[in-house]
Amino acid sequence: MGRNIWVIGNDRQEMIEAQRRINSTGGMRAVCKLSLKAVQRSIEERRLVEKASQEWREAPSLIVVDYGMSQKEDFATVSYIKKQKDLAGVPLFFMTEARTKQLDRECYSWGATVVLHKPFSREGIMRIEQTAWQHDVTKNYEKLLVQQANHLREQEEIVKLNRQLEARNSLLRQVFGQYFSDDIFNEILEHPEGAAIGGKKRELTVMMADLRGFTSISEGLSPEKVTDVLNYFFQCMLPALTEHKGTVIEYLGDSILAVFGAPIASEHQTENAIAAAIKMQNNMEQVNEYCTRNGYPLMEIGIAIHRGEAFIGNVGSEQLMRYNVIGSVVNECSRIESFSVGGQVLASRDCLSHINAPVEISSQQEIQAKGMQYPITVCEIRSIRGSYNCQIREQRNDVLHLVDRWVLFNMYPIEGKLIQDICVTGRLCRFSYKRAVVQMDEKEEYDLRIGMDVEIFAAGDDGRALFTEIYAKIVEIKDGFLTLRFTHVNRSFRSFAGQIWEKQEE
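Here we summarise the structure given alongside this text. (Residues numbered from 1 in each chain as written. Predicted model: local features only at pLDDT ≥ 70, side-chain atom pairs only at ≥ 80, totals over all residues. Heavy atoms only, no water.)

To continue, consider the pairing of strand 7 (residues 246-252). Burial analysis of strand 7 places 5 of its 7 residues in the buried class, the great majority of the element. Here strand 7 folds back onto strand 8 (residues 255-260), and the loop between the two strands holds 2 residues, one of which, Gly-253, carries a positive phi near 70°. (Buried < 20%, exposed > 50% of the residue type's maximum accessible area, 1.4 Å probe, protein only. Helix = DSSP H or I, 4+ residues; strand = E, 2+ residues; numbered from the N terminus. Pairing = 2+ DSSP bridges.)

In structure tokens form, the structure reads like this:
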């Protein structure tokens, strides 16, 4: 059974939707309360049942309260919850349709740690799950410390202090060993002053890795299968990160945010990040073998690497702390990652100026994304030599097939996530499941750019649609031809491709 999440609100439909989204993770169980009386009744019934064991079973790991309901009842439910000793320390979230600074301040004054929009987004659900997990870990840790303190009173002080230290280190390894490599963790235990956990600015290398098109892929999978494939993906990515002293800051849905050079400073942080990224790309073969065995769609990742000064350390409140990285270098890395396609490792040119090991660059481009004050030159990395000596393995099943029939590509550019009304046309010449080469209409005047996303509707010579609503990124423009890298394809595209290749094999 998953962790209990109490959701309190007086709108039944909103409660049903919140319950559905929370339960979809498989690791949580939402318990909805529609009134103050329901909360009071639940607490009293549980106390009667658990009185003999002196422990409140199935206590909530987190409580979410609707702000609109709380305001109408003058925060009576929240006041009641705060007075319950059984609920002391349980994280409190507020949910609301619209947020303002004044509303946030009011929620925080009532003890909220987080204010979420409703209905809950994927990121909001992850925030709930992560906070609930951290609360349970902290609660168990406190129980362990109480037990250890009782033992110290009964036995010799020095012996018990040593045992307490061993238990502490063991627990720390169990909890934090999932976030840091063994080398980094041992360094923190032996030389805590060198770890500098507590917050400071330093030069860091930031990595962002994102599954391409996973949102559309996950729509065809059950929540259990989505969780299964994501867990396996993260499991395959982590060894490459820890091997090269990377620290995972957080999992953002289907993405990974990691840093190199913290908590332990490193002169080779950028080389480590590049080597880790290359091995992560190669480890996708293992992920896709798992997907094939279990009937899941094949997947790819795009990875971005950037370097700069950032704040790294503990962020949060007394009730909830999190090791985090903050700074423009993180935002810029996210923008660079948005220009990547599956199988790519993109690193900023400034980032590469800090490395000594030789790297192979297959291409470079200048990008100007929203939020960037100046353009950034990024390079596609294929290998890193020296002591690292690793390279991205060639992708299989990516042979471009000739198209011997008329296929018109109607392409709609996407600017700032908005699909433009302008249609750019071209003729499909060669393609695979991953790429396409398109001959452009000489009359087209729209300013197409490398890195631009397009939505594609394809039609035959009779004007009938062949496939619709697929997405691609422009990766090359040369001599009147576009090379596109598909970022999302659907069944109509796969059916069309299968028919073309089947005829060619005949």
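The next point concerns the nonpolar core. Nonpolar side chains tend toward joint burial in soluble globular proteins. Ranked by internal contacts, the top residues of the largest apolar core, which has 48 residues, are Phe-233, Met-237, Leu-241, Ile-256, Met-280 and Met-299. Element by element, the count of residues in this core is highest for helix 12 (residues 269-294), at 11 residues. Counting 28 residues, the second largest nonpolar core, distinct from the first, contains Val-403, Val-407, Leu-448 and Leu-484. (Core = buried A, V, L, I, M, F, W, Y, C linked by side-chain atoms within 4.5 Å.)

In this section: helix 13 (residues 328-338). Along helix 13, the positions that sit buried rather than exposed are Val-329, Val-330, Cys-333, Ile-336 and Glu-337. On an axial view of helix 13, the arc spanned by its buried residues comes to 120°, and they lie on one face. (Arc of directions from axis to C-beta.)

With that settled, consider unusual backbone geometry. The peptide bond linking Lys-118 to Pro-119 adopts the cis configuration, its omega dihedral lying at -5°. Assignment of secondary structure puts Pro-119 in the loop between strand 5 (114-117) and helix 6 (122-154). Across the junction of Ala-262 and Pro-263, the peptide omega takes the value 5°, indicating a cis bond. Looking at the secondary structure, you find Pro-263 in the loop between strand 8 and helix 12. In this model, Asp-74 sits at a positive phi of 55°, which is unusual for a non-glycine residue. For Asp-74, the location among the structural elements is in the loop between helix 3 (67-72) and helix 4 (76-82). Its relative accessible area of 60% is what places Asp-74 among the exposed residues.

Here we take up the sheet that holds strand 4 (residues 92-96). What holds strands together in a sheet is hydrogen bonding between their backbones, with the strands either parallel or antiparallel. On the basis of which strands lie adjacent, the open sheet formed by 5 strands has the order 2-1-3-4-5 and parallel pairing. The sheet terminates laterally at strand 2 (28-33) and strand 5, the two strands that pair on one side only. Neighbour-to-neighbour, the strand axes of the sheet open up by a mean angle of 25°, direction not taken into account. Direction of pairing for strand 3 (residues 62-66) relative to strand 4: parallel, over a ladder of 4 bridges. Counted as the bridge partner of Val-65 is Phe-94 from strand 4. Of the strands in this sheet, strand 1 (3-8), strand 2, strand 3 and strand 4 touch helix 1 (residues 12-23), which is tilted by about 170° from strand 2. Against the sheet, helix 5 (residues 101-109) makes contact with strand 4 and strand 5, and its axis sits at roughly 130° relative to strand 5, the strand it touches most. (Axes fitted to C-alpha atoms, helices over the stretch in contact; angles between N-to-C directions. Contact = heavy atoms within 4.5 Å.)

Among the 8 residues in strand 20 (residues 453-460), 6 count as buried, and that is most of the element. Examined bridge by bridge, strand 20 and strand 21 (residues 465-478) share 6 bridges and lie antiparallel to one another. Along strand 21, the bridge assignment pairs Ile-456 with Ile-470. Joining the antiparallel neighbours strand 20 and strand 21 is a turn of 4 residues, in which Gly-463 adopts a positive phi near 85°.

Counted by the stated rule, this structure contains 17 salt bridges. Taking the shortest distance from any N to any O, the salt bridge between Arg-3 and Asp-136 comes out at 2.7 Å. Note that Arg-3 is positioned in strand 1 and Asp-136 in helix 6, a separation of 133 residues in sequence. Residue class for Arg-3 comes out partly exposed when judged on its relative accessible area of 26%. Arg-21 is the partner of Glu-17 in a salt bridge, and the nearest nitrogen-oxygen pair spans 2.6 Å. Within this pair, Glu-17 and its partner Arg-21 are both found in helix 1, separated by 4 residues, close to a single helical turn. Using a relative accessible area of 25% as the deciding quantity, one classes Glu-17 as partly exposed. Judged by its relative accessible area of 25%, Arg-21 falls in the partly exposed class. Connected via shared salt-bridge partners are Glu-14, Asp-66 and Lys-118. (Salt bridge = Lys/Arg side-chain N within 4 Å of Asp/Glu carboxyl O.)

The subject of this paragraph is helix 12. Taking 1.5 Å of rise per residue, 26 residues should cover 38 Å, and helix 12 covers 36 Å from first to last C-alpha, within 8% of that figure. At Asn-282, helix 12 shows its largest bend, some 25°. Positioned one or two residues after helix 12, Gly-295 has a phi angle of 75°, which is positive. (Expected span 1.5 Å × (residues − 1). Bend = angle between axes of the 7 residues up to and from the residue.)

A few words on the packing of aromatic side chains. Within this structure, the stated rule accounts for 15 aromatic pairs. Between the aromatic rings of Tyr-67 and Phe-75, the centroid separation amounts to 6.2 Å while the plane-to-plane angle is 65°, which identifies the pairing as edge-to-face. This pair shows no difference in class: Tyr-67 is buried, exactly as Phe-75 is. Of the aromatic side chains, those joined through ring pairs into one cluster are Phe-409, Phe-431, Tyr-433, Phe-467, Phe-486, Phe-493 and Phe-496. For Lys-33, the ring lying beneath its charged end belongs to Trp-6, and the centroid distance is 4.8 Å. The ring centre of Phe-339 lies 5.7 Å from the NZ or CZ of Lys-473, which sits over that ring. (Phe/Tyr/Trp six-rings, centres within 6.5 Å; stacked < 30°, edge-to-face > 60°. Lys NZ or Arg CZ within 6 Å of the ring centre and 35° of its normal.)

Turning to the environment of Asn-324, a few remarks are in order. Topologically, Asn-324 is positioned in strand 10 (residues 321-326). Taking the C-alpha atoms as reference points, Asn-324 and Val-248, separated by 76 residues in sequence, lie 9.6 Å from one another. Residue contacts for Asn-324: discarding those within four places in its chain leaves Ile-249, Phe-311, Ile-312, Gly-313 and Val-315.

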